[in-house]
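One-letter residues, chain by chain:
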Amino acid sequence: MTTFYDEPVHLVRGLGTKLWDVEGREYLDCYNNVPHVGHCHPKVVEAICRQAGMLNTHTRYLHEGIVDYAEDLTGTFADPLKSMMVTCTGSEANDIALRMARAVTGNAGVIATDHTYHGNTDAVSQLSCTNPPPNRWDSVEFVPAPDSYRPVSAQDWAGHVEAAIRRLEEKGHGLAALIICPFFANEGFPDLPEGWLTPAIEAVRKAGGVIIADEVQPGFGRLGTHFWGHEKAGFLPDIVTMGKPMGNGHPVAGVVTSRKVMEAFRDTFRYFNTFGGNPVSMAAAQATLDVIREEGLQENARVVGDYAREGLRELAARHDCIGDVRGSGLFFGAELVLDREAKTPATAFTKNVANALRHKGVLMNFLGVHYNVLKMRPPMVFSRDDADRMLKAVDEALGEVPLA
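Every value quoted in this text rests on a predicted model; they were computed, and no experiment measured them. Along each chain, residues carry numbers from 1 onward, in the same order as the chain's sequence is written. Residues qualify for local features only when their pLDDT is at least 70, as the model is predicted, and side-chain atom pairs are given and counted only at 80 or more; totals for whole chains, interfaces and linings, by contrast, use all residues. Each side-chain value is worked out from all heavy atoms of the structure, with water and hydrogens disregarded.

## Remarks on the overall build of the protein chain
Condition: The secondary structure listing takes helices from DSSP runs of H or I that are at least 4 residues long and strands from runs of E that are at least 2 residues long, numbered from the N terminus. With C-alpha atoms as the basis for the radius of gyration, the globule rule is written as 2.2 Å multiplied by the number of residues raised to the power 0.38. Note on classification: 1.4 Å probe, protein chains only; a residue is buried when its accessible area is under 20% of the maximum for its type, exposed when over 50%, partly exposed between these limits. Throughout, a contact is declared for two residues whenever any of their heavy atoms are within 4.5 Å. For the accessible areas, the method is Shrake-Rupley and the probe is 1.4 Å, while residue cover comes only from the protein chains on display.
For the protein chain, the count of helices and strands is 12 helices and 16 strands. Taken over the C-alpha trace, the protein chain has a radius of gyration of 21 Å; the compact-globule value for 404 residues is 22 Å, and the two agree within 12%. Considering only C-alpha atoms, the protein chain reaches an extent of 60 × 55 × 35 Å along its principal axes. Looking at the protein chain as a whole, 56% of its 404 residues are labelled buried. Taking the intrachain contacts of the protein chain between residues at least 6 apart in sequence as the baseline, contacts between residues at least 24 apart amount to 74%. Summing over all exposed atoms, the protein chain offers an accessible surface of approximately 16,700 Å²; the carbon and sulfur share of this is 52%.

## Considerations on the packing of helix α1 (residues 42–52) against helix α9 (residues 279–294)
For clarity, the threshold we go by: Axes, fitted as lines to C-alpha atoms, cover a helix only where it is in contact. Angles between the N-to-C directions of the axes lie from 0 to 180 degrees. An angle below 35 degrees is treated as roughly parallel, one above 145 as roughly antiparallel, one from 65 to 115 as roughly perpendicular, and anything else as oblique. Crossing chirality is assigned from the near helix's rotation relative to the far helix, an anticlockwise turn below a right angle marking it left-handed and a clockwise turn marking it right-handed. Basically, the charged four are Asp, Glu, Lys and Arg, the nonpolar ten are Ala, Val, Leu, Ile, Met, Phe, Trp, Tyr, Cys and Pro, and anything else, Gly included, counts as polar.
One way to put it is that α1 packs onto α9 with a least axis distance of 8 Å and a crossing angle of 155°. Here α1 lies roughly antiparallel to α9, going by the angle between them. Of the two possible hands of crossing, α1 and α9 adopt the one that is right-handed. Contacts between α1 and α9 involve Lys43, Val44, Ala47, Ile48, Gln51 and Ala52 on the former and, on the latter, Pro279, Val280, Ala283, Ala284, Ala287, Thr288, Asp290, Val291 and Glu294. A per-class count over the contact of α1 with α9 returns 10 nonpolar, two polar and three charged.

## Quick look at α9
The cut-off we apply is this: A helix is expected to span 1.5 Å multiplied by its residue count minus one. For this analysis, a polar contact is any N or O atom pair within 3.5 Å, provided that within protein one partner can donate a hydrogen and the other can accept it, and provided that sequence-adjacent residues contribute only side-chain to side-chain pairs.
Over its 16 residues, α9 extends 22 Å from the first C-alpha to the last, a length consistent with the 22 Å expected when each residue adds 1.5 Å. For α9, a buried count of 13 out of 16 residues is recorded, marking the element as mostly surrounded by other parts of the structure. One side-chain oxygen at the N-terminal end of α9 lies 3.1 Å from the backbone nitrogen of Val280; it belongs to Asn278. Count one or two residues on from α9 and you reach Gly296, which has phi positive near 60°.

## Things to note about the environment of Ser128
Here Ser128 lies in the loop between α4 (122–125) and β6 (140–143). A relative accessible area of 7% means that Ser128 is categorised as buried. Residues within four places of Ser128 in sequence aside, it is in contact with Thr116, Pro133, Arg136 and Phe142.

## A word on empty space enclosed by the protein
Heads up, the rule is: Note on definitions: the grid is 1 Å and covers protein atoms alone; a cavity is a set of points where a 1.4 Å probe fits but cannot get out; a pocket is an open set with protein on both sides within 12 Å along at least five of seven lines; lining residues have an atom within 4 Å of a point. Grid points are joined across faces, edges and corners, and a volume is the space filled by probe spheres set on the points.
Within the structure shown, the criterion is met by one cavity of 30 Å³ or more. Volume-wise, the largest cavity comes out at about 70 Å³. As for the largest cavity, its lining consists of 13 residues, and the residues nearest its centre are Asp147, Glu187, Arg326, Glu335 and Val369. Looking at side-chain class alone, the lining of the largest cavity contains four nonpolar, four polar and five charged residues.

## Quick notes on the environment of Ala264
Note on placement: Ala264 falls in helix α8 (residues 259–268). Residue Ala264 is classed as buried on the basis of its relative accessible area of 16%. A C-alpha to C-alpha distance of 31 Å links Ala264 and Asn248, two positions 16 residues apart in sequence. Apart from the residues lying within four places of it in its own chain, the contact partners of Ala264 are Ala103 and Val104.

## A word on the pattern of salt bridges
Under the convention used in this document: For this analysis, a salt bridge means a side-chain nitrogen from Lys or Arg found within 4 Å of a carboxyl oxygen belonging to Asp or Glu.
With the rule as written, the count across this model stands at 23 salt bridges. Its salt-bridge partner being Asp6, residue Lys351 comes within 3.8 Å of it at the nearest N-O pair. Of this pair, Lys351 sits in helix α11 (residues 347–359) while Asp6 sits in the segment before β1 (11–15), and the two are 345 residues apart along the sequence. Residue classification places Lys351 among the partly exposed positions, given a relative accessible area of 39%. Since its relative accessible area comes to 53%, Asp6 is described here as exposed. As a salt-bridge pair, Glu141 and Lys171 come within 2.6 Å of each other at their nearest N and O atoms. With Glu141 in strand β6 and Lys171 in the loop between α5 (154–170) and β7 (175–180), the pair connects residues that are 30 residues apart, well separated along the chain.

Function cannot be read off these values alone, since they describe shape.
Right under this line is the structure:
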């Protein structure tokens, strides 16, 4: 198992945006989206304990928790996305989404970006270029990751998608789906204007394919301006997947789609999930959704995220290594470069900065095509005081770590 940092952190306790290691040292969590509403949120903890003390069984039995939650959650989606299936992990959700696409289109071809991540099953691992499987399927084609710092036009990117469609058709697979994170999180979360994806989406639909939006990272209000990443991007997908943050760290995930797609899937595949949607998982998911609303966490993400990004821009005035500041809500960061004019990626430097921050008691990581984008994706209860602490640590680290 891969761990973060050159010197791994041994954590034993968490609360809100704070974590403590085995020696009692406190850390500010600027990275973990899994505890979406904060580590050990009391309402989520209480809901899990209460349901575990009453009933937990598999989903071959009826239970109102899964029905109530599905109705509540699908109410956040536009028509016709009103049918839901619950799983345990985002990997399972994306695996099902690929099967749904095959069922509804009759095709097998899938397009993904060349720097994405959608999970760990055999099928979804085929979508990864950063950790490629040994038995690469020729029914998967890749397009370059979007980049707002070294921009490509929407039409040019759509041209890459169209070329991938032609290759799939020439190989006899046809197009089943384009699968994307609508925020392009692992690609470095470029600042793309609303509607930028429209030409590519039109090309996919013209070829008979469907759009899968993987909302594991940008969903549930994290982007501040919208509850779902695809809303911010300005399109309506055919299938939406979600995971990790859905139950604040409890293993629950899901797929939302139209009745048409769901019926095609059920007619084509015999599927059941023993633990997906079990009563305890649904209690965790419902409590998490309730807390997002009750505590106004989407608005908190917008306000604090704007404040933090402005703080990073002020740091950029003092640190030439900050080439670009971007993001939305509580998903933001800075691209670090060796030379602003040339936009030369500072890959080794960025890793060293993340390690230096770990020793300053601030946890974040880095990603992007060149692994030179500091990634800040804290729990949704992140405050202005937290942002100030983070900015102070980043300022110090950028001044101390040699640029190389």
